[in-house]
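Observations on chain architecture
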Amino acid sequence: MRETARGCFVFLLKKSVMPGPGSYLIGEDEITGILEVLRSGHLYRYGSADDDQFKRKVHTLEAEFAKFVGVNHAVAVNSGTTALWIAMKSLGIGPGDEVIVPAYTYVATYTSVLFAGATPVLAEVDDTLTLEPEDVAARVTERTKAIVPVHMLGNPAQMDALLVIAERYNLKVIEDCAQAAGARYHGRVVGSMGEFGAFSLNYFKTFTAGDGGLLVTGDDELFMRAFGLHDQGHKPHRLGTEVGRRDILGMNFRMNELTGAVALAQLRKLNHITEQLRAQKQKLKAALGSLPGVSFRRLTDTTGECGTLCTLLFEQPEHAQQVAKRLNTTTVSASGWHVYSNMEHIIKELSERGYDIRRGAFPKTDHRLDSAINLSVGVVDGGLGSAFGINIFSSDEEIAAVAAKVCEAVNE
Ligand SMILES: Cc1ncc(COP(=O)(O)O)c(C=O)c1O
């Protein structure tokens, strides 16, 4: 174990590379929270207000996270995928409806729409690697009900333009913030700009509880629905049992107190995590300097992004492929389930609905992703194509060494 500058005890596990930034900071606070819950014997999210044994980790997490995002409400759930699904269902999105989503995102952005009974309509991403607003506008039909801007790789989507389109066509906006907890877009925290913001707490995310999710909204009525959907129709912040007072159907996507304890401890470190990531990324960019034939991904908010990844955009896709090979990594297009053309089951499902989304369907996205390499800063994930790079604790020497390897591979 070692103590970081900020006093968080961090376990230096034998496996020195961890998948997400939050996982590096699992330490005494998470352990204390878990033990507090275990010693109380009260593992369930509900309990009596007068019961000292009830530690209210999930309630507190919801209250603190809503405050963090700057909205009235948060519901803690079991994954980012269910947070997205609950958002769709709360907005009444269902069979016959279309939802516009980016061609570069994690598969859950599509499955949450499909499991709501609606159809995801994919749109191009541009050099921000987030939805291209012009293409979104071009894909709106009378069946379109919502847009899902995905704040991909920790950088906010182009919200100003997307909110104008949503307003013009009367569309709902569900922000997929799974990869961007802690990011800001021109002063606004991601998740606070649409009807809903959906967050993931899986192991690859900026803050983590292993798995879990948070759904936020500023709307009282939507919150009532979302809470009911996550737990058999119950009303928000139910403490005891209710009989015969439910007016919507729900399922069980509750978070338990153990997960809540870890998530709460991690939430309290989130600002520290993003500050650290941004600083590490600045160092990496400075060490890389200017690379011939290569630019950095365009950021919508250079100081507000999470800084989890550093994406290089090559002028020539062939050059990107050569460099990826030299670094023993992949271009983004060759990475896993974040690229539409790598999702065989989604391709099959949409082809049955008359949408051909095989490679070539989104030429601008193909070109961008063929020409891009993700260097890790805090998210080390082969599935994102970010197996190579630095992490939240890399020393200045390690950052310099990684940058030197990249420069050598680019110039070879
Ligand atoms: C963009 C995006 N949306 C949604 C999800 C789903 O989150 P979870 O894994 O918690 O279900 C993820 C998780 O990787 C994601 O990256």
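Located above this text is the structure these notes cover.
Summarised in this report is the structure supplied together with it. Keep in mind it's a predicted model, so treat the numbers as computed, not measured.

1. Concerning the site of the ligand
Close to the ligand lie 14 residues, the nearest being Gly80, Thr81, Tyr106, Ala178 and Ser200. Counting only elements with at least two residues in the shell around the ligand, the list comes to helix 4 (80-90) and helix 5 (108-115).

2. Things to note about the environment of threonine 331
Here threonine 331 shows up in the loop between helix 11 (317-326) and helix 12 (344-352). Residues threonine 331 and cysteine 407, 76 residues apart in the sequence, show an inter-C-alpha distance of 16 Å. Look past the residues within four positions of threonine 331 in its chain and what remains in contact with it is Ala320, Gln321, Ala324, Leu369, Asp370, Ala372, Ile373 and Gly385.

3. Overview of the pairing of strand 10 (residues 196-200)
Judged by how many residues are buried, strand 10 sits mostly within the fold: 5 of 5 residues are covered. Alternating positions in strand 10 separate into two faces, Phe196, Ala198 and Ser200 on one and Gly197 and Phe199 on the other, with burial throughout. In this structure, strand 7 (residues 172-176) lies alongside strand 10, joined through 3 bridges in parallel fashion. Paired with isoleucine 174 across the two strands is phenylalanine 196, which belongs to strand 10.

4. Comments concerning the sheet that holds strand 11 (residues 213-217)
The sheet built from 7 strands is open, its strands ordered 3-11-10-7-6-4-5 with mixed pairing. This sheet does not close on itself; its edge strands, each paired only once, are strand 3 (73-77) and strand 5 (119-123). Averaged over all pairs of adjacent strands, the angle between strand axes in this sheet comes to 25 degrees, irrespective of strand direction. Bridging between strand 3 and strand 11 involves 5 bridges; their strand directions are antiparallel. Paired with alanine 76 across the two strands is leucine 214, which belongs to strand 11.

5. Regarding the nonpolar core
Core analysis: the biggest nonpolar cluster contains 122 residues, and Ala87, Ala198 and Leu215 have the highest contact counts within it. Looking at this core, you find at least three residues from each of domain 1 (33-267) and domain 2 (270-411). When residues no more than four places from it in sequence are discounted, the contact partners of alanine 198 are Gly80, Ala83, Leu84, Ala87, Ile174, Glu175, Asp176, Cys177, Ala178, Gly213 and Leu215.

Each value, and the rule that gives it
Residues numbered from 1 in each chain as written. Predicted model: local features only at pLDDT ≥ 70, side-chain atom pairs only at ≥ 80, totals over all residues. Near = placed C-beta within 6 Å. Helix = DSSP H or I, 4+ residues; strand = E, 2+ residues; numbered from the N terminus. Contact = placed C-beta atoms within 7 Å. Buried ≥ 20, exposed ≤ 12 C-beta atoms within 10 Å, placed from the backbone. Pairing = 2+ DSSP bridges. Axes fitted to C-alpha atoms, helices over the stretch in contact; angles between N-to-C directions. Core = buried A, V, L, I, M, F, W, Y, C linked by C-beta atoms within 7 Å. Domains from an automatic or database assignment.

Everything listed here is a matter of geometry and, on its own, says nothing about what the molecule does.
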